[in-house]
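Each chain, letter by letter, is given below.
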Amino acid sequence: MTPGLLISAPASGTGKTTLMLGLLPALRGAGVTVQPFKSGPDYIDPAFHAAASGRASVNLDSWAMGRGQLGALLSAAEGCDLALAEGSMGLFDGVATPGECGTGASADMAALTGWPVVLVLDVSGQAQSAAAVAKGFAELRDDVTLAGVVLNKVASPRHEALVRDGMDRAGIPVFGALPRNKDIALPERHLGLVQAEEQPELERILDEAAAFVGAHLDIQAMRAAAAPTRLPPAQHAITPPGQRIALARDAAFSFVYPHLLQGWRAAGAEILPFSPLADQAPDDSADTCWLPGGYPELHAGRLAAAGTFRTGLQGFAQTRPVHGECGGYMAMGEALIDKQGTHHRMAGLLGLVTSFAKRKMHLGYRLATLDHAIPGHAPATALRGHEFHFSTILDQPDTPLARVVDANGAEVPETGSCRGHATGTYFHLIAEAT
């Protein structure tokens, strides 16, 4: 089985993505074939992984996915030299109540796969005390192996020597030390990093990240610490929403999990992309239309002016199903109010009115039991997904779509809605519940 490592950290914002985006092109440049993965529900990091590695990154999620699906997704690494996964949040951070295979923590994926963890430590403001943090992470779970650490934001050679002294005393291997470097920082917005396709300097950033990581880390020692993947391969079928799927795909609608697209294609479905921002209507030969999430609020004026898109979508929905997730759901509604308070007309398939004028974060796993069908899933089907947005609902006059609870079983008011052939949810589908 392909050997693998998991890049993690004690907390978000510690340097996981910087390390990942340096390692992937550095290894690729050295002729190493690396399959990237992302632990947890994330659309943006995998796009950067793909740009850096030349291979589509795959999401792995212990809360939403069963062992069979995880085994099938891990087969993406077959024939590769190394599997490299980026964790989410802190290594042990997840929900309180386990789902399919765990709490969604990156540590669950390390335990399931057998991949040792490379822990990125922000050592600014501390020296030998960083070893106590690393020691605690090494010992908290018996089923998780710490391969070693990467020291980040090292202030000076003296600082590095002091931190290394603590790690030596604790028996923690150090793969290298990264000084502060603002040149490879990636811009952010309210849902995380700005998308890879919006980065005009992405190639330069990746080149500099590869050179930076290569100059300060012992990459060969890190590769040697990788362990074979122990979760066995499996077969897992995903039901597509249709045979010919018109898929909105542009800067406003880009949040689609690669494993879903792969599963749809594997089931024989054909995907027909179109761009609402370019005022394109869904392909009339399609039998289903799917509007993914993204950033419609950043392009609300263009969407309001896209008459061909709106008319085409309305005509499509007269006879065939249209489904939207989060941003796609908002675009299917009656109106979207941006953060300046400007009212923008949307497609009007649903009566939904959403607003960014008063930001409120909605974040977390969702378990939805459908009261009405959506494309590919019958009533009473249980779906696992994730919700992350800052918009609020001002009006939702249509029939509720599902009964939705969070990971702890608490009822969630964002039920989704349906009208005729139109359905939509605020949560992004990850997998069917088993």
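Because the structure is a prediction, the values reported are computed rather than measured. (Residues numbered from 1 in each chain as written. Predicted model: local features only at pLDDT ≥ 70, side-chain atom pairs only at ≥ 80, totals over all residues. Heavy atoms only, no water.)

Chemist: Help me understand the overall build of the protein, please; the structure alone is not making it clear to me.
Modeler: Of the regular secondary structure elements, the protein holds 12 helices and 27 strands. At 22 Å, the protein has a C-alpha radius of gyration in line with the 22 Å of a compact globule built from 434 residues. Principal-axis analysis of the C-alpha atoms places the extent of the protein at approximately 70 × 45 × 40 Å. Across the 434 residues in the protein, those meeting the buried criterion constitute 57%. For the protein, long-range pairs separated by at least 24 residues make up 74% of all intrachain contacts whose partners lie at least 6 apart in sequence. In the protein, which carries 32 positive and 43 negative side-chain charges, the distance between the mean positions of the two groups comes to 3 Å. (Helix = DSSP H or I, 4+ residues; strand = E, 2+ residues; numbered from the N terminus. Rg over C-alpha atoms; globule rule 2.2 N^0.38 Å. Buried < 20%, exposed > 50% of the residue type's maximum accessible area, 1.4 Å probe, protein only. Contact = heavy atoms within 4.5 Å. Lys, Arg positive; Asp, Glu negative; His and termini not counted. Charge placed at Lys NZ, Arg CZ, Asp CG, Glu CD.)

Chemist: Help me out: how do you make sense of the sheet that holds strand 21 (residues 382-389) in this one?
Modeler: Paired through their backbone hydrogen bonds, the strands of a sheet run either parallel or antiparallel. Strand order in the open sheet made by the four strands is 24-20-21-27, with antiparallel pairing throughout. The open sheet has two edge strands with one neighbour each: strand 24 (402-406) and strand 27 (428-432). Ignoring strand direction, the axes of neighbouring strands in this sheet form an average angle of 30 degrees. The pairing of strand 20 (residues 362-370) with strand 24 spans five bridges and is classified as antiparallel. Across the sheet, residue R366 finds its bridge partner in strand 24, namely D406. (Pairing = 2+ DSSP bridges. Axes fitted to C-alpha atoms, helices over the stretch in contact; angles between N-to-C directions.)

Chemist: What should I look at first to understand the packing of helix 5 (residues 129-139) against helix 6 (residues 157-170) in this one?
Modeler: Helix-helix packing is described using two parameters, namely the angle between the two axes and the distance between the axes. The N-to-C vectors of helix 5 and helix 6 enclose an angle of 40 degrees; their axes lie 7 Å apart at closest approach. It follows that helix 5 is oblique to helix 6 by the angle criterion. For the pair helix 5 and helix 6, the sense of crossing is right-handed. Side by side, helix 5 and helix 6 meet where A130, A131, A134 and K135 of the first sit next to V163, G166, M167 and A170 of the second. Looking at the contact of helix 5 with helix 6 residue by residue, the classes come out as six nonpolar, one polar and one charged. (Parallel < 35°, antiparallel > 145°, perpendicular 65-115°, else oblique. Left-handed = near helix turned anticlockwise from the far one by under 90°. Nonpolar A, V, L, I, M, F, W, Y, C, P; charged D, E, K, R; others polar.)

Chemist: Explain the side chain of S417 here, please?
Modeler: Within the secondary structure, S417 sits in strand 25 (residues 417-419). Polar side-chain contacts of S417 include one of 2.7 Å to the side chain of Y329. Residue contacts for S417: discarding those within four places in its chain leaves Y329, L350, Q396, D398, T399, P400, L401, A422, T423 and G424. (Polar contact = N/O pair within 3.5 Å; in protein donor to acceptor, adjacent residues only side chain to side chain.)

Chemist: When you look at the pattern of salt bridges in this model, what are you seeing that I'm missing?
Modeler: Where charged atoms from two side chains of opposite charge come close, those side chains can pair. The final tally for this structure, using the stated rule, is 15 salt bridges. With a closest N to O distance of 3.7 Å, K153 and D122 form a salt bridge. Residue K153 is located in strand 6 (residues 146-154), and its partner D122 is located in strand 5 (residues 117-122); the two are separated by 31 residues in the primary sequence. Note on K153: relative accessible area 27%, which makes it partly exposed. Overall, the relative accessible area of 26% leaves D122 in the partly exposed class. With a shortest N-O distance of 3.0 Å, R320 and D284 are connected by a salt bridge. In this pair, R320 sits in the loop between helix 11 (307-317) and strand 16 (322-325) while D284 sits in the loop between strand 13 (270-274) and strand 14 (288-291), placing the two residues 36 residues apart along the sequence. Residue class for R320 comes out buried when judged on its relative accessible area of 16%. Assessed through its relative accessible area of 59%, D284 is described here as exposed. Because the salt bridges share partners, they merge into one network encompassing K38, D45 and E86. (Salt bridge = Lys/Arg side-chain N within 4 Å of Asp/Glu carboxyl O.)

Chemist: Can you walk me through the packing of aromatic side chains in this structure?
Modeler: A ring pair, where both rings are aromatic, is described by two values, the distance of the centres and the angle of the planes. Considering all chains together, one arrives at 10 aromatic pairs under this definition. Considering the side-chain rings of F37 and W115, the 5.7 Å spacing of their centres and the 40 degrees angle between planes classify their relative orientation as tilted. Taken together, the residues F37 in strand 2 (residues 34-39) and W115 in the loop between helix 4 (106-113) and strand 5 connect sequence positions 78 residues apart. Ring centres 5.6 Å apart and planes at 90 degrees place the aromatic pair Y329 and Y426 in the edge-to-face group. (Phe/Tyr/Trp six-rings, centres within 6.5 Å; stacked < 30°, edge-to-face > 60°.)

Chemist: Even after reading the chapter, I still don't get empty space enclosed by the protein, so can you show me in this structure?
Modeler: Over the atoms rolls a probe the size of a water molecule, and its path tells where empty space is left. Per the stated rule, a full pass over the model turns up four cavities of 30 Å³ or more. Put simply, the largest cavity is a space of about 40 Å³. Taken together, L303, F309, R310, A331, M346 and A347 make up the full set of residues lining the largest cavity. Residues belonging to the lining of the largest cavity are distributed by class as follows: five nonpolar, no polar and one charged. (1 Å grid on protein atoms, 1.4 Å probe; cavity = no way out; pocket = protein on both sides within 12 Å on 5 of 7 lines; lining within 4 Å. Points joined across faces, edges and corners; volume = space filled by probe spheres on them.)

Chemist: Even after reading the chapter, I still don't get the sheet that holds strand 18 (residues 343-345), so can you show me in this structure?
Modeler: Within the open sheet, the four strands sit side by side as 18-17-19-22. Their pairing is mixed. Only two strands of the sheet have a single partner each, and these edge strands are strand 18 and strand 22 (392-395). The sheet shows a mean angle of 25 degrees between the axes of neighbouring strands, direction not considered. Pairing analysis gives three bridges linking strand 17 (residues 335-337) to strand 19 (residues 353-355), with the strands arranged parallel.

Chemist: Whenever I open this one, the pairing of strand 7 (residues 174-179) confuses me. Can you help?
Modeler: Judged by how many residues are buried, strand 7 sits mostly within the fold: five of six residues are covered. Here strand 6 runs beside strand 7; their pairing, made up of five bridges, is parallel. For V149, the partnering residue across the bridge sits in strand 7 and is V174. After leaving strand 6, the chain enters helix 6 and then returns to the sheet as strand 7, a path that is right-handed. (Right-handed = clockwise from strand over helix to strand, strands pointing away.)

By themselves these figures say nothing about function.
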